[in-house]
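So the chains spell out like this:
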Amino acid sequence: MAVIDYKGLLVILDGVGDRSIRELGGRTPLEAAATPNLDQLVQQGLCGMIDPLLPGVPVGTHTGTALLLGLSPADALRLSRGPVEAAGIGLPVEPGDVLLRCNFATLEAQGSGYRILDRRAGRIREGTAELAQALDGIPLGHGISAVVRPATQHRAVLRLHGAEVSDAISDTDPGGGFETMGLLESVALKPRDAVAGVTAQALNRFSHEVFQRLSNHPVNRERAAQGLPPANGILCRSPGRAEHLRCLLQHLGLTASTIAGETTVIGLSKLFGFGIVERPAFTALPDTDVQAKVDLALA
C-alpha cells in the first residue's frame, strides 16, 4: 500500500485586520489595500470567521498563535506571555524564576508615579541591547535580582530570580488605550500571599530604578538629539513560569517547522518542539523579507 506524504502550509497574517483609520476614510488598512491574491484564494476556496478562544474576546499574539498552532483553549486561557517571550530569545531560566513580557516605554515623572507618553517609545528598534545591559542585575531586595534582555523591536523580557518569587502579581502595564492610568503599581493577586507581596514590591522597585538609570542613558540622549522619544521606562505584564507546552500536532505525531522573525511566535514554536527557520531579514515589520519566507516555505 502506497504511503501518502501529506504536507500543509499555514500562513498567519497576525494583526492584518487592524483598526479603522481616519486617513483612510474610516477604513481599515486591509479594507483599503489592493488584495487580488487574497481575493482569488477566497473565491477558489472557503472563507469564514471564527472566535479562536471565546465569543467576542480578542486575543493577543501569544494566545491567538498558540491556538492556531494547536494549543487547547483551556491551556491558552492560562498561557502567560513572559515565558513565551523568554523562550523566543533563548533566555536561560532556572526553576522558580518569574518571567515577564515588557515594553520599553517613554515615561514622565508625575508626583510619586509616572505618566505614560508612549507605550512603545516610538517603536524603538536600535539601542535596546545597551539599555537592557544597563538594567542587568539590579538588586531588588529580599535576595531578588533582575535580568533584562531585549526581544523584537520595543519588546524585552524581565527575569526575576530569587529564593522565593511568585508570578501571582499584577501588571505594571495598563495596556493599550489605558495610558492615562499611568505606570501601575504591581500588587499581589491575593492580599495574604506574602511571597507575591514581596515580588510585587520588587517589581515596583525595578520600575523606579529603570527610570533613574535610563533617563540620562547615552542611547536616550542620542534619541533626544534626533527628536525621538526616549526609552526611559519599562512596562511589565503577563508574568509566568517556564513550562512545557503540548499541542494537537504533537498529539497526532506530526512534525512542524515555523518560518518567522517575531520572538513570540518563535518562543511558542520552541515550547512546542517545532523546527525554527530564522533570518536577519525577518524583522516582523513591514520591511520583513516576505519573498524569502515564501521561498523557504516552498523549499
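As the structure is a computational prediction, the values presented were derived from the model and not from experiment.

Undergrad: Mind showing me how you'd approach the overall build of the protein chain here?
TA: When you go through the protein chain residue by residue, the secondary structure sums to eleven helices and seven strands. Against the 2.2 N^0.38 benchmark of 19 Å for 299 residues, the protein chain shows a C-alpha radius of gyration of 21 Å, consistent with a compact globule. Counting only C-alpha atoms and orienting by the principal axes, one finds that the protein chain spans roughly 65 × 45 × 35 Å. In the protein chain, the share of contacts with a sequence separation of at least 24, taken over all contacts with a separation of at least 6, comes to 61%. Accessible surface, the protein chain: about 17000 Å² in total, of which carbon and sulfur atoms supply 55%. One finds the centroid of the 27 positive side-chain charges in the protein chain at a distance of 2 Å from the centroid of its 31 negative side-chain charges.

Undergrad: Help me out: how do you make sense of the nonpolar core in this one?
TA: Phe-104, Leu-158, Phe-206 and Ile-234 are the most contacted members of the largest nonpolar core, which totals 31 residues. Per-element accounting of this core gives the leading share, seven residues, to helix α7 (residues 194-214). Setting aside anything within four residues of it in sequence, one finds Phe-206 in contact with Ile-138, Leu-140, Ala-146, Val-148, Leu-158, Ile-234 and Cys-236. Counting 15 residues, the second largest nonpolar core, distinct from the first, contains Leu-53, Leu-71, Val-84 and Cys-247.

Undergrad: Just checking my understanding: could you explain the pairing of strand β1 (residues 98-110) for this structure?
TA: A regular strand places its side chains on the two faces of the sheet in alternate fashion. Burial analysis of β1 places ten of its 13 residues in the buried class, the great majority of the element. As judged from the six bridges shared by β1 and strand β5 (residues 233-240), these two strands associate in the antiparallel manner. Bridged to Cys-102 within β5 is Cys-236. Bridge count between β1 and strand β2 (residues 113-118): five bridges; the pairing is antiparallel. If you follow Gln-110 over to β2, its bridge partner there is Gly-113. The turn joining β1 and β2, which pair antiparallel and follow one another in sequence, is formed by two residues; a positive phi near 65° is taken by Gly-111.

Undergrad: What exactly am I supposed to notice about the pattern of salt bridges here?
TA: This model, assessed by the stated rule, comprises 13 salt bridges. For Glu-94, the salt bridge is made with Arg-159, and the minimal N-O distance between the two is 3.5 Å. In this pair, Glu-94 sits in the loop between α5 (81-89) and β1 while Arg-159 sits in strand β4 (residues 155-161), placing the two residues 65 residues apart along the sequence. In this structure Glu-94 comes out as partly exposed when scored by relative accessible area, which is 42%.

Undergrad: Would you explain helix α6 (residues 128-135) in this entry?
TA: Because an α-helix packs 3.6 residues into every turn, residues spaced three or four apart end up facing the same way. Burial in α6 covers these residues: Thr-128, Leu-131, Ala-132 and Leu-135. One face of α6 carries all of its buried residues, which in axial projection span an arc of 95°. Contacts made by the buried residues of α6 are with β1, β3 (145-150), α7, α8 (218-225) and β5. Where α6 terminates, the next one or two residues include Gly-137, which has phi positive at roughly 80°.

Undergrad: Sorry if this is basic, but what is going on with a nonpolar patch on the surface here?
TA: Together, Leu-9, Val-11, Leu-13, Val-16, Leu-30, Leu-38 and Leu-41 give the surface a local cluster of nonpolar side chains, amounting to about 670 Å² of exposed area. The residue Val-16 is located in the segment before α1 (29-32) in this model. With relative accessibility at 37%, the residue Val-16 sits in the partly exposed group.

Undergrad: Sorry, what's going on with the packing of aromatic side chains here?
TA: Describing an aromatic ring pair means giving the distance of the ring centres and the angle of the ring planes. Under the defined criterion, the tally for this structure stands at two aromatic pairs. Summarising the aromatic geometry, the rings of Tyr-114 and Phe-211 are spaced 4.7 Å apart at their centres and angled 50° between planes, so their arrangement reads as tilted. In this pair, Tyr-114 sits in strand β2 while Phe-211 sits in helix α7, placing the two residues 97 residues apart along the sequence. Taken as a pair, Tyr-114 and Phe-211 share a single burial class, namely buried. Aromatic side chains Phe-272 and Phe-274 sit 5.5 Å apart centroid to centroid with 40° between the ring planes, which places their arrangement in the tilted category. Accessibility assignment for this pair places Phe-272 and Phe-274 in one class, buried.

Undergrad: Is there a simple way to think about the environment of Gln-133 in this case?
TA: Relative to the helices and strands, Gln-133 is located in helix α6. Of the residues examined, Gln-133 reaches a relative accessible area of 62% and is grouped as exposed. In the structure, Gln-133 is positioned 17 residues away from Pro-150 in sequence and 9.0 Å away in space, judged by C-alpha atoms.

Calculation criteria
- Residues numbered from 1 in each chain as written.
- Predicted model: local features only at pLDDT ≥ 70, side-chain atom pairs only at ≥ 80, totals over all residues.
- Heavy atoms only, no water.
- Helix = DSSP H or I, 4+ residues; strand = E, 2+ residues; numbered from the N terminus.
- Rg over C-alpha atoms; globule rule 2.2 N^0.38 Å.
- Contact = heavy atoms within 4.5 Å.
- Areas by Shrake-Rupley, 256 points an atom, 1.4 Å probe, with all protein chains shown as cover.
- Lys, Arg positive; Asp, Glu negative; His and termini not counted.
- Charge placed at Lys NZ, Arg CZ, Asp CG, Glu CD.
- Core = buried A, V, L, I, M, F, W, Y, C linked by side-chain atoms within 4.5 Å.
- Buried < 20%, exposed > 50% of the residue type's maximum accessible area, 1.4 Å probe, protein only.
- Pairing = 2+ DSSP bridges.
- Salt bridge = Lys/Arg side-chain N within 4 Å of Asp/Glu carboxyl O.
- Arc of directions from axis to C-beta.
- Patch = residues over 30% accessible without salt bridge, like charges linked within 9 Å, V, L, I, M, F, W, Y side chains within 5 Å.
- Phe/Tyr/Trp six-rings, centres within 6.5 Å; stacked < 30°, edge-to-face > 60°.

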